[in-house]
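Fold and contact review
Single-letter residue listing:
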Amino acid sequence: MLKDKKPVPIAFFILSGLYFVYVIASGSSRMIGDEVGGDPGGMILPLVFSIFMFIASVYLLITDKRTEKEREAMSKSEKRLFVLTLALSIAYILCIRRAGFIPCTVLLLFCLCFVNQQGNIDKKDWKFLTSGCVASLVNVLLLYTLGRFVTRNLLSAGRKGIVPLWIGSPAFTASLTLVITTVWIVAAVKFCRKKWPANGDKSAYHTWLSVVIATASTEIIYLVFKQLFLVELVKGFIFW
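In this numbering scheme, every chain counts its residues from 1 along its sequence in written order. Selection of residues for local features in this predicted model requires a pLDDT of at least 70, selection of side-chain atom pairs for listing and counting requires 80 or more, and totals for whole chains, interfaces and linings are taken over all residues. Side-chain metrics in this entry use all non-hydrogen atoms of the structure; hydrogen atoms and water are not considered.

- Under an unreviewed UniProt entry, the protein has the name Tripartite tricarboxylate transporter TctB family protein and belongs to Treponema parvum.

1. Brief notes about helix 6 (residues 126–160)
- Numbering of helices and strands runs from the N terminus, with a helix taken as a DSSP run of H or I at least four residues long and a strand as a DSSP run of E at least two residues long. Multiplying 1.5 Å by the helix residue count minus one yields the expected span of that helix. Look at helix 6: 51 Å from first C-alpha to last across 35 residues, which is about the 51 Å you get at 1.5 Å a residue.
- The positive-phi residue at the C-terminal boundary of helix 6 is Gly-161, with phi of around 85 degrees.

2. A word on the nonpolar core
- The criterion is simple. A nonpolar core is a set of buried Ala, Val, Leu, Ile, Met, Phe, Trp, Tyr and Cys residues joined through side-chain atoms within 4.5 Å. We call a residue buried when its accessible area falls under 20% of the maximum for its residue type, exposed when it is over 50%, and partly exposed in between, using a 1.4 Å probe and counting protein chains only. Within the largest apolar cluster, 27 residues are counted, with the highest numbers of intra-cluster contacts made by Tyr-92, Phe-101, Ile-102, Phe-110, Cys-111, Phe-114 and Tyr-222.
- Those elements that provide at least two residues to this core are helix 4 (76–99), helix 5 (101–118), helix 6 and helix 8 (202–228).
- The element that contributes the greatest number of residues to this core is helix 5, accounting for nine residues.
- Here, residues are in contact when the closest pair of their heavy atoms is within 4.5 Å. Contacts of Tyr-222, omitting those with residues within four sequence positions, involve Phe-101, Ile-102, Tyr-144, Arg-148, Gln-227 and Leu-233.
- Membership of the second largest hydrophobic core comes to seven residues, among which are Leu-143, Val-189, Cys-192 and Trp-208.

3. Considerations on the packing of aromatic side chains
- Aromatic rings from Phe, Tyr and Trp, taking only the six-membered ring of Trp, are treated as a pair when their centres fall within 6.5 Å; an angle between ring planes under 30 degrees marks them as stacked, one over 60 as edge-to-face, and anything in between as tilted. Tallied over the entire structure, the rule returns seven aromatic pairs.
- Where Phe-191 meets Trp-196, the ring centres are 6.4 Å apart and the plane angle is 85 degrees; that geometry is what we call edge-to-face.
- What makes Phe-191 exposed here is its relative accessible area of 51%.
- Centroid distance Phe-239 to Trp-240: 5.0 Å. Interplanar angle 85 degrees. Geometry classified as edge-to-face.
- Taking relative accessible area as the criterion, Phe-239 reaches 71% and is therefore assigned exposed.
- The structure contains a cluster of three or more aromatic residues connected by ring pairs, namely Tyr-144, Tyr-222, Phe-239 and Trp-240.

4. What to know about helix 8
- A rise of 1.5 Å per residue sets the reference length of helix 8, with its 27 residues, at 39 Å; its end C-alpha atoms lie 37 Å apart and thus fit the reference within 8%.
- Its side-chain oxygen 3.0 Å from the backbone nitrogen of Ser-203, Asp-201 forms the N-cap of helix 8.
- Just downstream of helix 8 lies Leu-230, where phi reads positive at about 55 degrees. Identification of polar contacts relies on pairs of N or O atoms within 3.5 Å, with a donor-acceptor requirement for protein atoms, meaning one able to donate a hydrogen and the other able to accept it, and with residues adjacent in sequence counted only if both atoms are side-chain atoms.

5. Focus on the pattern of salt bridges
- Whenever a carboxyl oxygen of Asp or Glu lies within 4 Å of a side-chain nitrogen of Lys or Arg, that contact is scored as a salt bridge. Per the counting criterion, the structure on display carries one salt bridge.
- Where Asp-125 meets Lys-124, a salt bridge forms, and the shortest distance between an N and an O atom there is 3.3 Å.

6. Describing the packing of helix 5 against helix 8
- Here an angle of 0 to 180 degrees is reported between the N-to-C directions of two axes, which are lines fitted to C-alpha atoms, with helices fitted over the stretch in contact. One way to put it is that helix 5 packs onto helix 8 with a least axis distance of 8 Å and a crossing angle of 145 degrees. Two packed elements cross with a definite hand, and for helix 5 against helix 8 that hand is right-handed.
- In this count, Pro and Cys sit with the nonpolar residues alongside Ala, Val, Leu, Ile, Met, Phe, Trp and Tyr, while Asp, Glu, Lys and Arg are called charged and the others, Gly among them, polar. When grouped by side-chain class, the residues that make up the contact of helix 5 with helix 8 number 13 nonpolar, 10 polar and one charged. Crossing handedness: left-handed means the near helix sits turned counterclockwise from the far one by under a right angle, and right-handed means the same turn made clockwise.

7. Regarding the side chain of Lys-226
- Its place among the elements puts Lys-226 in helix 8.
- Leave out the neighbours within four places in its chain, and Lys-226 touches Ile-221, Val-231, Glu-232 and Leu-233.

8. Topic: the UniProt feature "transmembrane region" (unreviewed entry) in the protein
- The UniProt record marks residues 7–24, 44–62, 82–108, 128–150, 162–187 and 207–225 with the feature "transmembrane region" (unreviewed entry), using the residue numbering of this structure.
- Across residues 82–108 one finds 96% helix and 0% strand; the C-alpha atoms that close the span lie 14 Å apart.
- Secondary structure across residues 162–187 comprises 69% helix and 0% strand; the distance between its end C-alpha atoms is 32 Å. UniProt positions are given in the numbering used here, feature names are shortened, and annotations may be inferred rather than shown by experiment.

9. Describing the state of the cysteines
- Cysteine sulfurs are considered disulfide-paired once they come within 2.5 Å of each other. A complete count under the given rule lists zero disulfides for this structure.
- For the unlinked cysteine Cys-104, the closest cysteine sulfur is that of Cys-95, found at 5.5 Å.
- Note on Cys-133: no disulfide assigned, nearest cysteine sulfur contributed by Cys-111 at a separation of 3.7 Å.
- Cys-133 gets classed as buried once you look at its relative accessible area, which sits at 18%.

10. Observations concerning the packing of helix 6 against helix 7 (residues 170–195)
- Direction vectors running N to C along helix 6 and helix 7 enclose 150 degrees, while the axes themselves pass 10 Å from each other. Considering their axes alone, helix 6 and helix 7 lie roughly antiparallel with respect to each other. Crossing geometry of helix 6 relative to helix 7 is assigned as right-handed. Contacts between helix 6 and helix 7 involve Asn-139, Leu-143, Leu-146, Gly-147, Val-150, Thr-151, Leu-154 and Leu-155 on the former and, on the latter, Pro-170, Phe-172, Thr-173, Leu-176, Thr-177, Ile-180, Thr-181 and Trp-184.
- Across the contact of helix 6 with helix 7, the residue classes tally to 10 nonpolar, six polar and no charged. Here the angle decides the label: under 35 degrees means roughly parallel, over 145 means roughly antiparallel, 65 to 115 means roughly perpendicular, and every other value means oblique.

11. Looking at a nonpolar patch on the surface
- The patch calculation keeps residues exceeding 30% relative accessible area without a salt bridge and links them within 9 Å when they carry like charges or within 5 Å when they are nonpolar (Val, Leu, Ile, Met, Phe, Trp, Tyr). Accessible surface is estimated by sampling points in the Shrake-Rupley manner with a 1.4 Å probe; for residues, cover comes only from the protein chains shown. On the surface, Val-134, Val-138 and Leu-142 cluster together into a nonpolar patch covering about 270 Å² of accessible area.
- Positionally, Val-138 belongs in helix 6.
- Take Val-138: its relative accessible area is 45%, and that puts it in the partly exposed class.

Here's what the structure looks like:
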């Protein structure tokens, strides 16, 4: 039955099922808006993610079948990529509660983007992988810190009547932070495209592209769930 299935959808199906069980077992996924004024619980986002992961894994397991050529044994690079992807996903699940949503998510997204674009990770790629992880973490923390500064000050000013209420609203502060993130994306893409073009060093190109994708995706997810829907995301190492 599973002979015509690709290994990644099978692993994704198993991992998503285990993640769903882990989230349920961890608790804190109940809605508590009536108790604390709109906070839907610290684990509601992982619960939603786990459900979508499971649905997506079932869909891929049913539809994504091997061709005759793909039924041959996996190459060494494909096996390495498969194991690395699985290891990163498991590490994300295990570390997110301690390290926090933002650091874990940006590192996971960068690594997945980079290794899948490269197709094969050699010794020379580890310096790009390491520098990309650092760059992703630094950039997302800068955007997060700037966004927190803007949000706190505008919300405080709105409550004190210094600025109009609509300027001090969560929707406006989230929109302003999104504008800042968009400006950063445009500036980063323009700068990196000139310095590391697509027709140059592929590893360098894949590195900066993965950094931009990971940083922007993490910041946008944070904005949507934290600032708009008031989901309590795990802070971890981020104490400010």
